[in-house]
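Results of the structural survey
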Amino acid sequence: MSAAAPARAPWFRLRQPSALPGFCPTLGFALLYLSLIVLIPLGALVLRASGLGLDGIWQVATSPRVRAALEVSFGVSLAAAAVNSVFGLLVAWVLTRYRFPARRLLDAMVDLPFALPTAVAGISLAAIWAPNGWIGGLLAPLGIKVAFTPLGIFVALVFVGLPFVVRTVQPVLADLDRETEEASASLGATRRQTVFRVVLPSLLPAILTGFALAFGRAVGEYGSVIFIAGNLPFRSEIAPLLIVIKLEEFDYQGATVIASVMLAIAFLLLLTINLIQAWSRRRFGHV
Amino acid sequence: MGAAMSTEAMETVAIRAEGLEKHFAAVPALNGVDLDVAPGELVALLGPSGSGKTTLLRIVAGLDHPTAGRVFFGDEDATALPVQARRVGFVFQSYALFRHMTVGDNVAYGLKVRPRSARPSRTDIRKRVSELLELVHLPGLEKRFPAQLSGGQRQRVALARALAVEPRVLLLDEPFGALDAKVRRDLRRWLRDLHDRTGHTTLFVTHDQDEALELADRVAILDRGRIEQIGTPDEVYDRPATAFVAGFIGEAVKVPVTVAGGRVLLGPHGLPAPDGFRDGPAALFVRPRDLVAAEDGEDVADTMPLAVAGVRRAGPARRAELSIAEHLPAVEIELPPHVSPSRGDTLAVRFSTLRLFPA
């Protein structure tokens, strides 16, 4: 209990002492910006929905048509993001690893789904995959219907999600050390073993990020889907469309409830993916 | 030069390169390289960057394919063997450790990827890994990740990983290139010890001549895709076979001279030329230790007077900087106690060794 007790570090610090200034202004700006762009609109949404009370929310959220739409939205989005992770990885691989004519052209084409108005994409896809379209016509004799079924939604969501996986995996793949693969080969590993034991684990964090982005985009996608989905309630009706339908019926609270439920589910799923990603980064040595 | 060695080592050669050529988009990186390495030998490939030494190492490993020529391991023609089948232990300059695996998994990798029939049991693998980590002085680090190790430790993990597959030959690309000077010296000695204990035939690439001369049984000196000379450290240091080697090994000053009538002419002065040396322009390589202050009464025809550019005291020794010719760096020699020139004097010196090559 000496009077001149050494100054102790406070038990909590908002910021670590650092020689590099700028923490406070940047944090302040980031918080303000996020509030204006994200938090306040979403808060208003949840506030509006809460006007119905918990019972009311529960009733809307569990009504059969809403549940079916949510299942379609999230189920198909997850499937599309999964497929994009695999084939986006392949595209990224081909674009970074090999030199071939028109490679840059192909590279630029990957971004098209970003730039194209989604309605245009939806109409084109519907035309191509319809039973009388170019691809749909080939599948129709086999009894496979794509356009105007959940499969059509899947096609549209794969289309809009592709660039996310390609663009997140590409730079990581380009930075990957060729010598690690050579080391693996010199230790006797087959090409397959090298890819699965050395290359893919290093890419996993990037693939997961791409998956999360593609998934997020797919859940919110509206324009391209409604043209190809057929929009049959209980079958190929997506949740965002149901929100629009509710709005057109002036059921604003119903619309905000569906929106809030979507928000909650999407947030939980993205949080989970981010946690897996953080774990894999640690696990795979990206310190 | 390599061919002369091979006649006696014919039956007992571990690695043989025959007429290796490699062209990268018409630029030759290797230009007809022959090399024999005896079993258990430690051979250094030494040369400036771009001399083709790493290309040669990668071709021996099977990581690159020669445009022409063949590679043998023992009697077996390995030219067409893929890298997986060559059973070489390759250590990369960047170590190329698997960052997402622990040290233990890195070392075990070569054993784990074997087909089931040839794969040791889990317990055997674990035992082998801990033995190898013991061997490279990193016992008990199995659970660490490469990111948690220092450069020297990573280097040794890479070596343990390469040794795990019981390679026929060990190939090291600039093994100490990325380390600081102190660690380099320690690891150099340690690698020599390790080689003496395990006896792996080893080929390593370096641009550091001290490293090559100290570590290797024989040194192959490469320049522009050719082996200029191959021999023991003493041979290449004391008896350089070509002008390139004379200039590259040791700290030599290259002096352009003319040979005429059995004399090496440098400005107004001259020295006796070696017997049978052809007349014409030549290059004289002067190392500090080649110059000795002439004794009194020595034949003036055998010595050369050089201008003293400075005299310095370094502890017990006195050194003189001698200027051989204008525009050339001065050569520093140690002075005998009874000779004490001052700046601006001339000092008669004798060449204990005359390294003279046709220009």
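None of the values given here were measured: they were computed from a predicted structure.

Turning to the overall build of chain A, a few remarks are in order. Counting secondary structure elements, chain A contains 13 helices and zero strands. From first element to last, N terminus to C terminus, chain A shows the α and β order α-α-α-α-α-α-α-α-α-α-α-α-α. In terms of overall dimensions, chain A is more spread out than a globule: its C-alpha atoms have a radius of gyration of 24 Å, far above the 19 Å expected for 287 residues. By principal-axis analysis of the C-alpha atoms, chain A measures approximately 85 × 65 × 30 Å. Sorting the 287 residues of chain A into buried and exposed places 40% on the buried side. Accessible area for chain A stands at about 16,400 Å²; split by element, carbon and sulfur atoms hold 71% of it. Both charge centroids of chain A, one from 22 positive and one from 14 negative side chains, sit 7 Å from each other.

In this assembly, 23 residues from chain B lie in contact with 24 residues from chain A. Between chain B and chain A, roughly 2,000 Å² of surface is buried when both sides are summed, and carbon and sulfur atoms account for 58% of that area. Interface area lost by chain B to chain A is led by Gln-84, His-100 and Tyr-109 of chain B, which between them contribute 30%. Where chain B touches chain A, the interface holds one salt bridge. The residue Glu-182 of chain A makes a salt bridge to Arg-58 of chain B at a minimum N-O spacing of 2.7 Å.

Attention now goes to unusual backbone geometry. Within the chain, Phe-234 of chain A stands out as a residue other than glycine whose phi angle is a positive 70 degrees. On the secondary structure map, Phe-234 of chain A appears in the loop between helix H11 (223-229) and helix H12 (239-248). With relative accessibility at 55%, the residue Phe-234 of chain A sits in the exposed group. Phi at Arg-224 of chain B takes a positive value of approximately 45 degrees, unusual for a residue other than glycine.

This brings us to the sheet that holds strand E3 (residues 42-46) of chain B. Sheet strands pair via backbone hydrogen bonds, and the direction of the pair is either parallel or antiparallel. Residues and elements named next belong to chain B. Read across the sheet, six strands follow the order E6-E7-E8-E3-E9-E10 without closing on themselves; strand pairing throughout is mixed. In the strand order of this sheet, the two ends are held by strand E6 (88-91) and strand E10 (226-231), each with one partner. The sheet shows a mean angle of 15 degrees between the axes of neighbouring strands, taken without regard to direction. Note: E3 against strand E9 (residues 218-223), four bridges, orientation parallel. Bridging from a neighbouring strand, Leu-45 pairs with Ala-220 of E9. Its contacts with the sheet place helix H6 (residues 151-164) against E6 and strand E7 (169-173), and it is angled at close to 165 degrees to E6.

All names here are of chain B. On the basis of which strands lie adjacent, the open sheet formed by five strands has the order E15-E19-E16-E17-E18 and antiparallel pairing. Each edge of the open sheet carries a strand with a single partner, namely strand E15 (291-293) and strand E18 (331-334). For this sheet the average axis-to-axis angle between neighbouring strands, irrespective of direction, equals 50 degrees. In terms of strand pairing, E15 meets strand E19 (residues 346-351) through three bridges, oriented antiparallel. Bridging across to E19, Ala-293 finds its partner in Val-349.

Definitions and cut-offs
- Residues numbered from 1 in each chain as written.
- Chains lettered and ligands numbered in written order.
- Predicted model: local features only at pLDDT ≥ 70, side-chain atom pairs only at ≥ 80, totals over all residues.
- Heavy atoms only, no water.
- Helix = DSSP H or I, 4+ residues; strand = E, 2+ residues; numbered from the N terminus.
- Rg over C-alpha atoms; globule rule 2.2 N^0.38 Å.
- Buried < 20%, exposed > 50% of the residue type's maximum accessible area, 1.4 Å probe, protein only.
- Areas by Shrake-Rupley, 256 points an atom, 1.4 Å probe, with all protein chains shown as cover.
- Lys, Arg positive; Asp, Glu negative; His and termini not counted.
- Charge placed at Lys NZ, Arg CZ, Asp CG, Glu CD.
- Contact = heavy atoms within 4.5 Å.
- Buried area = accessible area lost by both parts, 1.4 Å probe.
- Salt bridge = Lys/Arg side-chain N within 4 Å of Asp/Glu carboxyl O.
- Pairing = 2+ DSSP bridges.
- Axes fitted to C-alpha atoms, helices over the stretch in contact; angles between N-to-C directions.

On their own, these measurements won't tell you what the molecule is for.
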